[in-house]
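Inside the fold
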Amino acid sequence: MNPSTLIEARDLSVSYSCAGQRTEAVSQLSFNLNLGETLAIVGESGSGKSTLANALLGLLPENARIDQGHLWVEGVDVAQADERSRRRLRGRIVGFVPQDPMVSLNPTLRIGQQVAEALKLARGQHYPEVDSDVLALLAQVGLDEPPLRARQYPHELSGGMRQRVLIAIALAGEPRLIVADEPTSALDATVQRRILDHLQQLVAERGISLVIITHDLGMACDRADRLLVMKQGKLIEHASAREILWSARHPYTRSLLNAAPALVPRRRPHAVARQAPLLRLSHIGKHFALPGQHTHFTALDDLNLEVHPGETLAIVGESGSGKSTALRIALGLEKPSQGHVEFAGANISGLSWRQFRPLRRRIQLVQQNPFAALDPRFTVFDSIVEPLVSFGLLRGHALECKARELITRVHLPVHLLDRLPRELSGGQRQRVAIARALALEPDVLLLDEPVSALDVSVQAQILALLDELQRESGMAYVLVSHDLAVVASMADQVLVLRRGQVVEQGPAVQVFGQPASVYTQALIEAVPGHSRSVLPVAV
């Protein structure tokens, strides 16, 4: 093994046992990674990306087996090593940034305690500078007000903030290799850029290596020295970022490039005749009390928006800008501190849970985190039909037929109806969540990062499906997303939030083509692969 080589895989094959059968997840994979290099492993859900990440960490589940080949990490063959040898690699040699922050963080511990625990594991329990280093790490990964964030619990942070905490924990041991499994899937473009800039700075300054596992081919081409493109566990293409971006050889790689949404505003074939707004938020303010203090945090300040039938309103902004809080207020899950919410012309701000319940058939939510949103004890069938059962709408054979129809509409095979959420990939779980939201055929669908967990080809299918449903039913969408390319492809109107305040609002063609705010311009410029997109001038 070359002294400068940190990772070397040779003919690596990994399989899983399920219901008495073995399924190959990685097949005869060979590659290497040198010190100071950044390697991106790209592919759709089920391509074997996360299996490879778990193999590098020695964290394959009990039903997984390395069937053949070798996987060396700094000279240690992880495929043959015992648990003690693998444990020595974690933290000091290999730092890991997992994909799902809500599952990976302890909900009962404050953020500062969890970062401190990682620092103590790396540097010893009696470590006097731990408190100052916790704050330094939180600042390093782009969190504002580190002293406040250190005192908060995971549920008090936005999805993007939680993801940054995981990155801080991975950096605590100053590892030589960072394995980042979809490290920025929950982050807006500007924070994504800061985090990836920081990771690349570490690579350059300290000579460490970085493995980025992602479905975002644009981000991979922007950031990696080399790319491995995988499909169903097999290596399809291995080349430099420039070669992949401009002269990809394999049709599958070209299809991934073509499926990625471009930053081009939506243009409808026929204009939608504007009707009276279905949903209106007027002068909404929302304040949260800070833990241990007599002050409050302003999440929203004088927010005004209207949602019309058949149209899509997109709310964009950085993590913590108030996007998800606005959705929760619209859905009646949070009471506004000031202002009021109207649905179909009626003020619904003061309704009790029981009074609001009939409206839930007309307003549905697709949450950002599908694993947390789905009951782990429910099969896919149970999850999809849960709204129909709750409202007593269907039963028996009709219920089974509806479940098959819904799962087919989100491009999943019918046989998955018997699976549990843990048996699905992240992208499959998100599609189940979308199917469940569609079950009641709502008038307004609130979409909180609806495709952030999906690879680009499935993302394109879901966006096309949502567009088709809207054209057929006249459903209105409120889309919250940090992915401006997704927003551009779906939105009729765009509202830009920053720290709870509206900085820009208007038609999507105008906001993307001729942004009036410096902040909006910065968001657009931070989009991965932005150099390949051509923004049209508003007409």
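Here goes a summary of the coordinates provided. From a predicted model like this one, the values you see are computed outputs, not experimental measurements. (Residues numbered from 1 in each chain as written. Predicted model: local features only at pLDDT ≥ 70, side-chain atom pairs only at ≥ 80, totals over all residues. Heavy atoms only, no water.)

Quick word on the sheet that holds strand β1 (residues 5-18)
Keep this limit in mind: In this analysis, strands are considered paired if DSSP registers two or more bridges between them. We count a stretch as a helix when DSSP gives it H or I for four or more residues in a row; a strand needs E for two or more, and each element gets its number in order from the N terminus.
Ordered by their spatial adjacency, four strands build an open sheet running β2-β1-β4-β5, and the pairing between neighbours is antiparallel. The strands lining the two open edges of the sheet, one partner per strand, are β2 (21-34) and β5 (76-77). Of the strand pairs in this sheet, strand β4 (residues 64-73) and β5 are connected by two bridges, and their pairing is antiparallel. Bridge assignment links W72 to a residue of β5, and that residue is D77.

Observations regarding the side chain of K286
What counts, and what does not: Counted as a polar contact is a pair of N or O atoms within 3.5 Å, where, for protein atoms, one must be capable of donating a hydrogen and the other of accepting one, and residues adjacent in sequence contribute only when both atoms are in side chains. The contact rule is simple, with two residues in contact once any of their heavy atoms fall within 4.5 Å.
Mapped onto the elements of the fold, K286 is located in strand β11 (residues 279-289). At 2.7 Å, the side chain of K286 forms a polar contact with the backbone oxygen of K335. Discounting residues that sit within four places of it in the chain, K286 has contacts with F297, T298, A299, L300, T325, I329, E334, K335, P336 and S337.

Let's talk about the pairing of β1
Note the following rule: For each residue, the accessible area found with a 1.4 Å probe, counting protein chains only, is set against the maximum for its type, and the residue is called buried under 20%, exposed over 50%, and partly exposed in between.
Among the 14 residues that make up β1, ten are buried, leaving the element largely enclosed by the rest of the structure. Pairing analysis gives ten bridges linking β1 to β2, with the strands arranged antiparallel. The residue bridging L12 from the neighbouring strand is L29, located in β2. Taken together, β1 and the strand that follows it, β2, pair antiparallel across an intervening segment of two residues, in which A19 is found at a positive phi of about 55°.

Comments concerning the packing of helix α7 (residues 159-171) against helix α8 (residues 189-206)
Stated formally: Only the contacting stretch of a helix is used when fitting its axis, a line to C-alpha atoms as for every element, and angles between N-to-C directions run 0 to 180 degrees. Roughly parallel covers angles under 35 degrees, roughly antiparallel covers those over 145, roughly perpendicular covers 65 to 115, and oblique covers all other angles.
As a packed pair, α7 and α8 sit with axes 12 Å apart at the nearest point and diverge in direction by 10°. Between α7 and α8, the angle is such that the two are roughly parallel. In this structure, α7 contributes R164, I167 and L171 to the contact, and α8 contributes V191, R194, I195, H198, L199 and L202.

Some thoughts on the packing of aromatic side chains
Inclusion rule: Here a Phe, Tyr or Trp ring, Trp counted by its six-membered ring, pairs with any other such ring whose centre lies within 6.5 Å, and the pair is stacked when the planes are under 30 degrees apart, edge-to-face when over 60, and tilted otherwise. Put simply, a charge is over a ring when the Lys NZ or the Arg CZ is close to the ring centre, within 6 Å, and near the line of the ring normal, within 35 degrees.
Within the structure shown, the criterion is met by zero aromatic pairs. Above the plane of the ring of F288 lies K286, whose end atom (NZ or CZ) is 5.1 Å from the centre. Directly above the ring of F391 sits R361, whose terminal nitrogen or CZ lies 5.9 Å from the centroid.

Some remarks on the pairing of strand β17 (residues 444-448)
Buried residues dominate β17, accounting for five of its five residues. Of the two faces of β17, the one carrying V444, L446 and D448 and the one carrying L445 and L447 are both buried. Relative to β17, strand β16 (residues 363-366) is paired through four bridges, and the arrangement is parallel. Across the sheet, the residue bridging to L365 is L446, located in β17. Pairing geometry for β17 and strand β18 (residues 476-480), over five bridges, is parallel. Bridged to D448 within β18 is V480.

Quick look at the sheet that holds strand β15 (residues 346-347)
Ordered by their spatial adjacency, four strands build an open sheet running β12-β11-β14-β15, and the pairing between neighbours is antiparallel. Edge strands, defined here as strands with exactly one partner in the open sheet, are β12 (296-307) and β15. Across two bridges, the pairing between strand β14 (residues 338-343) and β15 is antiparallel. Its bridge partner lying in β15, E342 is registered against N347. Most of the contacts of helix α12 (residues 323-330) go to β11, to which it runs at about 115°, and overall it touches β11, β12 and β14.

Description of unusual backbone geometry
Positive phi, normally seen in glycine, also occurs at H283, with a value near 50°. Positionally, H283 belongs in strand β11. We note that H411 has phi near 65°; this positive angle belongs to a residue other than glycine. Within the secondary structure layout, H411 lies in the loop between α16 (396-409) and α17 (426-438).

With respect to α17
Here is the rule we go by: A helix is expected to span 1.5 Å multiplied by its residue count minus one.
For α17, built from 13 residues, the straight-helix expectation of 18 Å at 1.5 Å per residue is met to within 8% by its first-to-last C-alpha distance of 19 Å. Summarising burial for α17: twelve of the 13 residues are buried, a large majority. Every buried residue belonging to α17 is among G426, G427, R429, Q430, R431, V432, A433, I434, A435, R436, A437 and L438, and all of these are buried. The secondary structure elements touched by the buried residues of α17 are β16, α14 (370-373), α15 (380-390), α16, β17 and α18 (456-473).

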